[in-house]
Amino acid sequence: ATTLSGETLSFDTLYDHIITINDESQVIFKDNLVMNGVIHVIDEVLIPPAYQPDIVDFLTSEPREQYFNILVDLVVQVNLTGALQSPGPFTLFAPTDAAFAQIGDFIDVNNATQVTDVLLYHVLSGIVLAEDIDDDSTATTLSGETLSFDTLYDHIITINDESQVIFKDNLVMN
């Protein structure tokens, strides 16, 4: 369906009664007839794609910018900013500053090739939501390497038996 602003909305029905819009919002009260149409009450504000941040904007906006300074600095240093602002779509497993601190001098930050390889190892082509990750599944990163995933208790995701996804499904424009 097309909105008055010209944006396209997609609808899915789950279990024959749950309606979702753009895989984000759920209709919580449907079919409220009024004089000039119908109102469906939803649980989230729908944000047009033009107003959604890209990956870089997301990482550098409040309050998230305090967690991703090193990641953003490295992205800028090796000129990946443009790529992460392109249409994509991409899935980024974004290491926090604390995660970078744990590896110490493992990465030579002056070696652009090494930094680029490490950063691309954290990016998948396409959108992969937490619900799309199965236990013992794998995915190929933009660096060509493979990540392995495990799920614990249906909601904790670990990568390569080491890293844990702590904030998931942050949807951005790309």
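Everything below is about the structure printed above this text.
Residues numbered from 1 in each chain as written. Predicted model: local features only at pLDDT ≥ 70, side-chain atom pairs only at ≥ 80, totals over all residues. Heavy atoms only, no water.

J.: What's the story with the nonpolar core in this structure? I'm lost.
T.: Nonpolar side chains tend to gather and get buried jointly when the protein is soluble and globular. Core analysis: the largest hydrophobic core is formed by 19 residues, its most contacted members being Ile55, Leu59, Leu71, Val75, Val115 and Leu119. At the level of secondary structure, the elements contributing two or more residues to this core comprise helix 1 (55-60), helix 2 (69-77) and helix 5 (112-120). Beyond its immediate sequence surroundings of up to four residues, Val115 is in contact with Leu74, Gln77, Val78, Ile107, Asp108 and Val109. Core analysis: the next-biggest nonpolar cluster, separate from the first, contains 9 residues, Ala139, Leu147, Phe149 and Ile159 among them. (Core = buried A, V, L, I, M, F, W, Y, C linked by side-chain atoms within 4.5 Å. Buried < 20%, exposed > 50% of the residue type's maximum accessible area, 1.4 Å probe, protein only. Helix = DSSP H or I, 4+ residues; strand = E, 2+ residues; numbered from the N terminus. Contact = heavy atoms within 4.5 Å.)

J.: Please clarify how the layout of surface pockets should be interpreted in this entry.
T.: With a probe scaled to a water molecule rolled over the atoms, the places where space remains empty come into view. Considered as a void within the structure, the second largest pocket measures approximately 190 Å³ in volume. Asp12, Leu14, Thr20, Asp23, Glu24, Leu129, Glu131, Asp169 and Leu171 together form the lining of the second largest pocket. Here the residues of the lining of the second largest pocket are counted per class, giving 3 nonpolar, 1 polar and 5 charged. (1 Å grid on protein atoms, 1.4 Å probe; cavity = no way out; pocket = protein on both sides within 12 Å on 5 of 7 lines; lining within 4 Å. Points joined across faces, edges and corners; volume = space filled by probe spheres on them. Nonpolar A, V, L, I, M, F, W, Y, C, P; charged D, E, K, R; others polar.)

J.: Explanation requested: unusual backbone geometry in the structure shown.
T.: Excluding glycine, residues mostly have negative phi values, and the peptide bonds linking residues are mostly trans. With an omega dihedral of 5°, the bond running from Gly88 to Pro89 counts as a cis peptide bond. Looking at the element boundaries, Pro89 is found in the loop between helix 3 (81-85) and strand 5 (90-92). The backbone of Tyr15 shows a phi angle near 55°, a positive value even though the residue is not glycine. Here Tyr15 shows up in the loop between strand 1 (11-14) and strand 2 (18-21). At Asp136, a position not held by glycine, the phi torsion is positive, near 60°. Residue position: Asp136 is located in the loop between strand 6 (123-125) and strand 7 (137-140). The exposure class assigned to Asp136 is exposed, which follows from its relative accessible area of 61%.

J.: Which parts of the structure should I look at to understand a negative patch on the surface?
T.: Residues Asp12, Asp23, Glu131, Asp132, Asp134, Asp135, Asp136, Asp154 and Asp169 make up a contiguous surface patch of negative charge. Structurally, the position occupied by Asp169 is in the segment after strand 10 (163-164). We classify Asp169 as partly exposed; its relative accessible area is 40%. (Patch = residues over 30% accessible without salt bridge, like charges linked within 9 Å, V, L, I, M, F, W, Y side chains within 5 Å. Areas by Shrake-Rupley, 256 points an atom, 1.4 Å probe, with all protein chains shown as cover. Salt bridge = Lys/Arg side-chain N within 4 Å of Asp/Glu carboxyl O. Lys, Arg positive; Asp, Glu negative; His and termini not counted. Charge placed at Lys NZ, Arg CZ, Asp CG, Glu CD.)

J.: Help me understand the sheet that holds strand 7, please; the structure alone is not making it clear to me.
T.: Sheets are built from strands that pair by backbone hydrogen bonding, the pairs being arranged parallel or antiparallel. Ordered by their spatial adjacency, 4 strands build an open sheet running 7-8-9-10, and the pairing between neighbours is antiparallel. With partners counted over all chains shown, the strands left at the sheet margins are strand 7 and strand 10, one partner each. Pairing of strand 8 (residues 146-152) with strand 9 (residues 156-159), which is carried by 4 bridges, proceeds in the antiparallel orientation. Bridge assignment links Leu152 to a residue of strand 9, and that residue is Ile156. (Pairing = 2+ DSSP bridges.)

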